[in-house]
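If you want the building blocks of each chain, they are given just below.
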Amino acid sequence: MEAEGHKLAIFRGLLKFKSNQQKIWGVLIFLSIVTTVEVALGIIKPEILMIPFLKMKILNWIFIILTLVKAYYIAWDFMHIRDERSGLKNSIVLPLLILIPYLAFILLIEADYIFDVMDSGFVAWNF
Amino acid sequence: MEVTANTAADSEEVWRGGNKPLNVSYGKMMMWFFIVSDALTFTGFLVSYGFSRFKNINSWPIADEVFTHFPFLHGIDAPMYYVALMTFILIFSSVTMVLAVDAGHHMHKSKVTFYMLLTIIGGAIFVGSQAWEWKNFIRGEYGALETRGGQILQFVDTSSGKRASIQEFAVAIETNRSTHKSSNGIWYKAETSLPTVSLEEVKKGFLANKNLVIRTQELDEKGQKTVLSRSESKGILGNAVGVVEGANLIHNEYGNRLFADFFFFITGFHGFHVFSGVVINIIIFFNVILGTYERRGHYEMVEKVGLYWHFVDLVWVFVFTFFYLV
């Protein structure tokens, strides 16, 4: 499914569009649905999703995953990464995909350690 | 499609990738370079926000309690709705942008103009909304006291279970204290305007109203702020050293000061991107009207600013998650 250099299928070919405009509207609908789900979850805050998992509530993990899903479709369809050569695609995505989780990982681990020190240490922070 | 100045080099294969192994023009590639580096800048901001948050994980402000305003709905608690609306506006302006790019591929000048105009309007509404959010955040709502250690003490009315505003329950005390002005002396130090109520007035009002208790920054097991009993509240009231109304880079009535600092820096930096995006879009919009790209034979410039605009949208998706949802 290619038209004028655009790949018109999303969801791994599950959904195919006839033209690029149609694909844009389709992606908009998908992004709107995801955002609505996020906002609804944020307002309702279901009790069952408040259980901690890996230092964070399950709800927060869901938010982060949905954000990454949105980011993927914005980059792939709005920014046309899907239509670029794999060389360009990789040179854009891989540095971010490697550096961002790395930085997040080391800083959050460090912050968690500092929290423990402040929490169980002999220094008063609340006076 | 993307036609760049054709040189003789295009036809000759230099090495095995040829002259354009990525099949992308110079300008577009440079825009991608910029976007990747800018993405890492925002990463730095957001990760340091996460650092501060994990460091203060049991006393971080709850976003739902901070951002509760919606235009024209005064006094109604509407957490998240307005930011959700802003998110939709930005996603929609992203869609009109990508439609403008698509129309550019088909050389439809009038369509490109129309979609660019919609994009600019969407961006302007978004920046305006963000300014309004800032205004509410800076002005504050209930006010609070600050202890010597920088902890924030907020007030709850046990009869209604709602937050109590210090301006409302404070009992006025006659005083001659007034803001020091430069006209009143030769040797002077500039002073910011005084809070509407003084610490003594708040303390007096607190002791006069038996329903009031203090809420601290600490979160309990359920993730709610800890509310002290009346006697505990009276004890901790003595620790207060000042009144805080609203938020700035030094004081923050909502809780941890770093929250306000990161809010100003991250949404401010993003808002600056949106603002410059709108300005760039306006420039390109006029170029489209003037027929610059019609004469050039391609609308690649629209695609390039489109990439920037989508990137701004992409960053907002993350800011929205980490500031308002998580």
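These numbers were taken from a predicted model, which means no experiment stands behind them.

Undergrad: When you look at the domain arrangement of chain A in this model, what are you seeing that I'm missing?
TA: By a widespread convention, an interface's size corresponds to the accessible area lost as its parts come together. Parsing chain A into structural domains produces domain 1 (1-83) and domain 2 (85-127). Placing the centre of domain 1 of chain A and that of domain 2 of chain A at their C-alpha centroids yields a distance of 24 Å.

Undergrad: Sorry if this is basic, but what is going on with the interface of chain A and chain B here?
TA: Taken residue by residue, the interface counts 43 residues in chain A and 40 residues in chain B. Of all the elements in the fold, those that place two or more residues in the side of chain A that touches chain B are helix H1 (20-44), helix H2 (58-78) and helix H3 (86-120) of chain A. Here the side of chain A that touches chain B is composed, by residue class, of 27 nonpolar, 10 polar and 6 charged.

Undergrad: What is the right way to read the pairing of strand E2 (residues 152-157) of chain B from this model?
TA: Residues and elements named next belong to chain B. Of all 6 residues that make up E2, 5 are buried, and the element is covered over most of its length. Here 2 bridges tie strand E1 (residues 144-147) to E2, and the two strands are oriented antiparallel to one another. By the bridge assignment, Leu145 is partnered in E2 with Leu153. The turn linking E1 back onto E2 is made up of 4 residues, and Gly150 within it adopts a positive phi angle of 85°.

Undergrad: Help me understand the domain arrangement of chain B in this model?
TA: The domain boundaries assigned to chain B delineate domain 1 (22-140 + 259-325) and domain 2 (144-245). Taken over C-alpha atoms, the centre of domain 1 of chain B sits 37 Å from the centre of domain 2 of chain B.

Undergrad: How should the confidence of the model for chain B be read in this particular structure?
TA: The predicted coordinates ought not to be read in detail in places where the model reports low pLDDT. Residue and element names in this part refer to chain B. This prediction gives chain B a mean pLDDT of 89; 94% of its residues lie at or above 70. Looking at the elements of chain B, mean pLDDT is at its lowest for helix H2 (residues 63-66), recorded as 88, and at its highest for helix H8 (residues 257-290), recorded as 96. ipTM for the predicted complex: 0.92, alongside a pTM of 0.89.

Undergrad: Whenever I open this one, unusual backbone geometry confuses me. Can you help?
TA: Outside of glycine, negative phi angles account for most residues, and trans bonds account for most peptide bonds. Residue and element names in this part refer to chain A. We note that Phe11 has phi near 55°; this positive angle belongs to a residue other than glycine. Tracing the sequence through the fold places Phe11 in the loop between strand E3 (9-10) and strand E4 (15-16). The class for Phe11 is exposed, based on 10 C-beta atoms found within 10 Å. Not every positive phi belongs to a glycine, and Lys45 is a case in point at roughly 50°. Checked against the element boundaries, Lys45 lands in the loop between H1 and strand E5 (52-53).

Reading guide: rules and limits
Residues numbered from 1 in each chain as written. Chains lettered and ligands numbered in written order. Predicted model: local features only at pLDDT ≥ 70, side-chain atom pairs only at ≥ 80, totals over all residues. Domains from an automatic or database assignment. Contact = placed C-beta atoms within 7 Å. Helix = DSSP H or I, 4+ residues; strand = E, 2+ residues; numbered from the N terminus. Nonpolar A, V, L, I, M, F, W, Y, C, P; charged D, E, K, R; others polar. Buried ≥ 20, exposed ≤ 12 C-beta atoms within 10 Å, placed from the backbone. Pairing = 2+ DSSP bridges. pLDDT = per-residue confidence, 0-100.

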